[in-house]
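Architecture at a glance
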Amino acid sequence: MRDVTTAQARPELDVQPTPLALLLLGREADPRSERGVECPGDLPSPSDPDLVERARAAKEKLGDKVFVLGHHYQRDEVIQFADVTGDSFKLAKDAAARPEAEYIVFCGVHFMAESADILTSDDQKVVLPDLAAGCSMADMATAEQVAECWDVLSEAGVAEQVVPVSYMNSSADIKAFTGKHGGTICTSSNAKRALDWAFEQGEKVLFLPDQHLGRNTAVREMGMSLDDCVLYNPHKPNGGLSVEQLRDAKMILWRGHCSVHGRFSLDSVNDVRERIPGVNVLVHPECKHEVVAAADYVGSTEYIIKTLEAAPAGSKWAIGTELNLVRRVANAHPDKEIVFLDKTVCFCSTMNRIDLPHLVWALESLAEGNLVNRIQVDKETESFAKLALERMLALP
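A quick note: this is a predicted structure, and the numbers were derived from the prediction, not measured.

With that settled, consider the pattern of salt bridges. A complete count under the given rule lists 16 salt bridges for this structure. A salt bridge links Asp-130 to Arg-353, with the shortest nitrogen-to-oxygen separation between them at 3.2 Å. Here Asp-130, found in the loop between β4 (125-127) and α7 (136-139), pairs with Arg-353, found in the loop between β13 (337-340) and α17 (356-367); they are 223 residues apart in sequence, far enough to count as distant. Of the residues examined, Asp-130 reaches a relative accessible area of 3% and is grouped as buried. We note a salt bridge from Arg-275 to Asp-271, for which the minimum N-O separation is 2.7 Å.

In this section: helix α8 (residues 143-155). Over its 13 residues, α8 extends 19 Å from the first C-alpha to the last, a length consistent with the 18 Å expected when each residue adds 1.5 Å. Taken as a whole, α8 has its buried residues at Gln-145, Val-146, Cys-149, Trp-150, Val-152 and Leu-153. Considered in projection along α8, the buried side chains sweep an arc of 155° and stay on one side of the axis. Relative to its buried face, α8 has exposed residues pointing more than 90 degrees away, namely Glu-144 and Glu-155. Tucked inside the fold, the buried residues of α8 contact β5 (162-167), α9 (172-180), β7 (204-208), β8 (229-232), α12 (243-248) and β9 (251-254).

Let us now look at the side chain of Thr-178. You can see Thr-178 is positioned in helix α9. Here Thr-178 is in contact with Pro-164, Ser-166, Gly-183, Thr-184, Ile-185, Ala-388 and Arg-391, once residues within four sequence places are set aside.

Neighbouring strands of a sheet are bound in pairs by backbone hydrogen bonds; such pairs are parallel or else antiparallel. Read from one edge to the other, the open sheet built from four strands follows the order β11-β10-β12-β13, with strand pairing classed as parallel. Both outer strands of the open sheet, β11 (297-298) and β13, are each paired with one neighbouring strand and no more. Looking at chain direction, strand β10 (residues 280-283) and strand β12 (residues 316-320) are connected through four bridges and run parallel. When the bridges of β12 are listed, Val-283 appears paired with Gly-320. Seen against the sheet, helix α16 (residues 323-332) touches β12 and β13 and runs at an angle of roughly 170° to β13.

Time to look at the pairing of β5. With six of six residues buried, β5 lies mostly within the body of the structure. In terms of strand pairing, β5 meets β7 through five bridges, oriented parallel. By the bridge assignment for β7, Val-163 is matched with Val-205. Where β5 meets strand β6 (residues 184-186), three bridges bridge the pair, whose relative direction is parallel. Within β6, the residue paired with Ser-166 across the bridge is Ile-185. Assessed by its sense of winding, the connection that carries the chain from β5 through α9 to β6 is right-handed.

All right, on to the nonpolar core then. Of all hydrophobic cores here, the largest spans 105 residues; its most connected members are Val-105, Phe-207, Met-251, Val-283 and Leu-363. Sequence-distant contacts of Met-251, defined by excluding residues within four places in its chain, comprise Leu-195, Phe-199, Val-205, Phe-207, Gly-214, Ala-218, Met-224, Asp-228, Cys-229 and Val-230. Counting residues in hydrophobic clusters, the runner-up holds 21 residues, among them Cys-149, Trp-150, Ala-156 and Val-162.

To describe a pair of aromatic rings, you give the distance between the ring centres and the angle between the ring planes. Overall, the coordinates contain four aromatic pairs when judged by the stated rule. With centroids separated by 5.5 Å and ring planes inclined at 65°, the aromatic side chains of Phe-264 and Phe-340 adopt a geometry described as edge-to-face. Note that Phe-264 is positioned in the loop between β9 and α13 (266-275) and Phe-340 in strand β13, a separation of 76 residues in sequence. Classification of Phe-264 as buried rests on a relative accessible area of 0%. With centroids separated by 5.4 Å and ring planes inclined at 45°, the aromatic side chains of Tyr-297 and Trp-317 adopt a geometry described as tilted. Here the residue Tyr-297 occupies a position in strand β11, and Trp-317 occupies one in strand β12, the gap between them amounting to 20 residues. Owing to a relative accessible area of 32%, Tyr-297 belongs among the partly exposed residues under this scheme.

The next point concerns the packing of helix α6 (residues 110-119) against helix α18 (residues 379-393). How two helices pack is summed up by the angle between their axes together with the distance between the axes. The interhelical angle for the contact between α6 and α18, taken along N-to-C directions, is 90°, at an axis separation of 10 Å. The angle between α6 and α18 falls in the class roughly perpendicular. Each of Asp-117, Ile-118 and Leu-119 in α6 lies in contact with α18, whose residues at this interface are Glu-382, Ala-385, Lys-386 and Leu-389. Of the residues belonging to the contact of α6 with α18, the class tally is four nonpolar, no polar and three charged.

With that out of the way, let us pick up the packing of helix α5 (residues 88-96) against α6. Put simply, α5 and α6 touch, their axes get as near as 8 Å, and they point 35° apart. As α5 packs across α6, the resulting crossing turns out to be right-handed. Residues Ser-88, Phe-89, Ala-92, Lys-93 and Ala-96 of α5 form the contact with α6, whose participating residues are Phe-111, Met-112, Ser-115, Ala-116 and Leu-119. Class assignment for the residues of the contact of α5 with α6 results in seven nonpolar, two polar and one charged.

The rules we used
Residue positions are given per chain, counting from 1 as you read along its sequence in written order. Local features in a predicted model are, by the rule used here, given only for residues with pLDDT of at least 70; side-chain atom pairs are given and counted only at 80 or more, and totals for whole chains, interfaces and linings are based on all residues. Heavy atoms throughout the structure, all of them, feed into the side-chain values; hydrogens and water do not. Salt bridge, as used here: a side-chain nitrogen of Lys or Arg that lies within 4 Å of a carboxyl oxygen of Asp or Glu. The way it works is that DSSP assigns letters per residue, a run of H or I at least four long becomes a helix, a run of E at least two long becomes a strand, and they are numbered from the N terminus. Exposure is judged per residue with a 1.4 Å probe applied to protein chains only, and the accessible area is read against the type maximum: over 50% gives exposed, under 20% gives buried, and values in between give partly exposed. A helix's residues, less one, multiplied by 1.5 Å, set its expected span. It is the directions from the helix axis to the C-beta atoms whose arc is reported. Here, two residues are considered to be in contact whenever any of their heavy atoms come within 4.5 Å of each other. A pair of strands is treated as paired once DSSP finds two or more bridges between them. Here an angle of 0 to 180 degrees is reported between the N-to-C directions of two axes, which are lines fitted to C-alpha atoms, with helices fitted over the stretch in contact. A crossover gets the label right-handed when its path from the first strand over the helix to the second runs clockwise, viewed with the strands pointing away from the viewer. Here, the term nonpolar core denotes a set of buried Ala, Val, Leu, Ile, Met, Phe, Trp, Tyr and Cys residues that are joined through side-chain atoms within 4.5 Å. Two aromatic rings from Phe, Tyr or Trp, using only the six-membered ring of Trp, form a pair when their centres are within 6.5 Å; if the ring planes differ by under 30 degrees the pair is stacked, by over 60 it is edge-to-face, and anything between is tilted. An angle below 35 degrees is read as roughly parallel, one above 145 as roughly antiparallel, one from 65 to 115 as roughly perpendicular, and any other as oblique. In the scheme used here, Gly and all other residues not listed as nonpolar or charged are polar, with Ala, Val, Leu, Ile, Met, Phe, Trp, Tyr, Cys and Pro taken as nonpolar and Asp, Glu, Lys and Arg as charged. Helix crossings get a hand from a simple test, with the near helix turned counterclockwise from the far one by less than a right angle marking a left-handed crossing and a clockwise turn marking a right-handed one.

Okay, structure coming up:
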């Protein structure tokens, strides 16, 4: 890669960095994207031996004014300060149930903090300790791309038959689009119920942004065939699909995926079965279809936790989900053999940006009366996003 000084020395090339390049370099910010890049203020050193005590002291000083949420995929050093733990939607609901808490510190990623802001009152302020804690899956569907997709569906003459269903792991913009177009949100636990509801409203579903959850739910749980599903690629003209394909499809899947769950392969499953005879393979439905088809059990994060809690002593398990969670449940159940499905270690890199220095910085700033890293969804977006979430809450 040519360095910047070389480019500056040869102005005749007229090399101009793109907005995305500047964004990735940390020189610009995109407020409508999951990619945050700035964290103002001086962070304490990761080697500071007093970090734990500083976090505890700041949290005690704030008292009931602060409520700390910890997602299952967070590292242990952060989880120890969480008032509640859970998946993204559970945590957002927990925050809404604590109206006395002025500050909601969400140790998760950007879209989760947005959901908490949507569901909490105007008096509550949601804080994300590191604005760079985003979600690659949520980034794979922007508002502009989805609006263009809807135009493609309209030109194909099928938009009126399509009901959007968006996964919770999406930006507020995508949730708002879903609400505005008569759709609903789903979690990995209730995706089938959401799709059942959607097919009562229309003939087709546009499933955003995780193709694997959409495909796995449609085929495994609803009896559709793989041929009933088509993949819309926002980087290709017309999504890479013909009018006939759009008209024939029942499930129009957005080309998005989880960077953690997407790395598990059929080879991972076959390898662990060879290494550990009698092992039970338990995976998240964000995994690829061939992985899910080869697994023994498939379910959400909460399902994984409960299944392992109920498993008999001495049983063997290979888990296909984020490594922090796998380590935590393995430590909680020493009477069972619990291993990571893949040989390659894989954390959720953006989730892991929320570390102890960032949490200490956020809590100490709040304790000093300085509101930092507030996540705030504009009123119009919030209104339509909440409509989509309320439709989910009303599912039978």
